[in-house]
Amino acid sequence: MEASKKNGLQLKGIGRIIEIGNLFVQVKCLYTKLYLYLKRFLSKFLLFWVAWLFGFLIGLLKLLRPPEWTKSLGNMLIAYIAATSFTGNLDWGLLFWGFLAVGPLLWGGLYTLNDVVDFEKDQKHDVKKNRPIPSGLVSPNMGFILFMATTIAAFAIGFFIIQKPLFILCLAAMLVNQLLYTLKPFELKKKPVMDFVSGSLVNPFFRFYSGWFLVKEAFNAPLELVVFVVAIKFGGYSLYRLASKKHEEELNYRSSVVVFGEEKIRSAAYIAIALAGAAYFLATFNGVLPFRYFFLGAASLVAFPLYVSALKNPQEMNMRLVYNLIYANYALFIIGFVALAYFR
């Protein structure tokens with residue numbers, strides 16, 4: 001009897017242990033399912049935010065328009081190398097800080113400001129609607145913050161690292177000019193003649209001199225080089241504005257391309273491009289540029305046939321394709337210009 005009772009108690013104990021074990025297994029299974037669910041959820045959550053952050057940062061970078069920095073880099077390098085008398089004695093550290101202030105920071109911020117101001121109009125443009133702000137990737141407020149941050153950083157470099165008053169003057173001149181070009185009540189980009197003066201004459205002039213003033217302390221750069229830089233920009237800017245003529249008419253702009261018409265603007269662009277070429281080759285013959293630079297200019301003309309279609313019909317040109325060609329051609333020209341500074 002006692003043995004039977006004892007066995008019964010043992011069986012109950014074993015049953016309890018089995019029940020506890022089953023409960024433990026159930027809890028463990030539930031925990032495992034919960035863990036896997038949370039893991040999948042967090043993975044998707046983190047992946048979403050990582051993807052969003054990456055896209056946002058790419059959007060900010062696109063607002064700064066890195067391909068456009070080549071204009072500042074090219075103008076500054078031409079001026080800087082000329083100011084050093086083509087000796088090859090280049091201070092790359094000084095050049096780096098000067099370019100960083102002018103290209104990525106000041107002009108990157110000014111391009112951003114332009115997109116902030118025009119984002120509603122850009123949403124109606126076939127190409128510009130894909131920019132970060134019109135597409136909704138970056139908010140206008142974030143764009144304005146980026147403009148302020150980069151502009152302040154550009155002047156900080158000018159005051160505390162470059163420490164050359166005329167270089168800072170160039171930064172200030174480009175900032176003021178672009179504000180007049182972009183913002184109400186001035187909006188020079190909408191006014192005939194003034195849009196071309198502001199967008200294609202003033203800006204390249206001060207880009208060039210921001211490189212010159214890293215070495216020199218006076219507005220005494222060779223006229224041929226100044227004409228080359230300004231005229232080539234004027235020609236390219238004219239064709240760019242012609243490509244946007246229809247869009248500007250829809251927005252009721254009273255810009256030069258709307259007021260003066262396609263034929264006159266195209267003729268002005270041809271004359272400017274020809275003047276730029278003449279100034280460059282004249283510089284190689286009169287000693288402003290060492291004669292070895294003649295061959296660089298001649299080699300650059302090899303790409304001319306690629307631009308014939310755009311020159312004839314700027315309103316029909318594939319803007320992205322032409323811009324990529326220009327950036328590639330200009331980058332090769334600048335590489336050659338720098339290389340020849342070391343070749344004596």
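Higher on the page you've got the structure.
The rules behind the values
Residues numbered from 1 in each chain as written. Predicted model: local features only at pLDDT ≥ 70, side-chain atom pairs only at ≥ 80, totals over all residues. Heavy atoms only, no water. Phe/Tyr/Trp six-rings, centres within 6.5 Å; stacked < 30°, edge-to-face > 60°. Buried < 20%, exposed > 50% of the residue type's maximum accessible area, 1.4 Å probe, protein only. Lys NZ or Arg CZ within 6 Å of the ring centre and 35° of its normal. Axes fitted to C-alpha atoms, helices over the stretch in contact; angles between N-to-C directions. Helix = DSSP H or I, 4+ residues; strand = E, 2+ residues; numbered from the N terminus. Parallel < 35°, antiparallel > 145°, perpendicular 65-115°, else oblique. Contact = heavy atoms within 4.5 Å. Nonpolar A, V, L, I, M, F, W, Y, C, P; charged D, E, K, R; others polar. Core = buried A, V, L, I, M, F, W, Y, C linked by side-chain atoms within 4.5 Å. Expected span 1.5 Å × (residues − 1).

1. Details of the packing of aromatic side chains
Thinking step 1. Using the criterion set out here, one finds 28 aromatic pairs in the structure.
Thinking step 2. Considering the side-chain rings of Phe294 and Phe295, the 5.5 Å spacing of their centres and the 90° angle between planes classify their relative orientation as edge-to-face.
Thinking step 3. The class for Phe294 is partly exposed, based on a relative accessible area of 23%.
Thinking step 4. Grouping aromatic residues by their ring pairs yields a cluster made of Phe86, Phe228, Tyr280, Phe281, Phe285, Phe291, Tyr293, Phe294, Phe295, Tyr330, Phe333 and Phe337.
Thinking step 5. A cation over an aromatic ring shows up here: Arg207 above the ring of Trp107, its NZ or CZ 4.2 Å from the ring centre.

2. Observations concerning the packing of helix α3 (residues 92-122) against helix α5 (residues 165-182)
Thinking step 1. Interaxial distance between α3 and α5 falls to 11 Å at its minimum, and their mutual angle equals 10°. Relative to α5, the element α3 is oriented roughly parallel. Residues Gly98, Ala101, Val102, Leu106, Trp107, Leu110, Leu113, Asn114 and Val117 of α3 touch α5, and the partners they reach there are Phe167, Leu171, Met174, Leu175, Gln178, Leu179 and Thr182.
Thinking step 2. Looking at side-chain class alone, the contact of α3 with α5 contains 12 nonpolar, 4 polar and no charged residues.

3. Considerations on the nonpolar core
Thinking step 1. Phe208, Tyr293 and Phe337 are the most contacted members of the largest nonpolar core, which has 69 residues in total.
Thinking step 2. Tyr181, Leu188, Phe234 and Ala272 belong to the second largest nonpolar core, which has 14 residues in total.

4. Thoughts on α5
Thinking step 1. Under the 1.5 Å per step criterion, the end-to-end length of α5 is 26 Å for 18 residues, consistent within 8% with the ideal 26 Å.
Thinking step 2. Buried positions along α5 lie against α2 (69-83), α3, α4 (140-162), α6 (194-212) and α7 (223-243).

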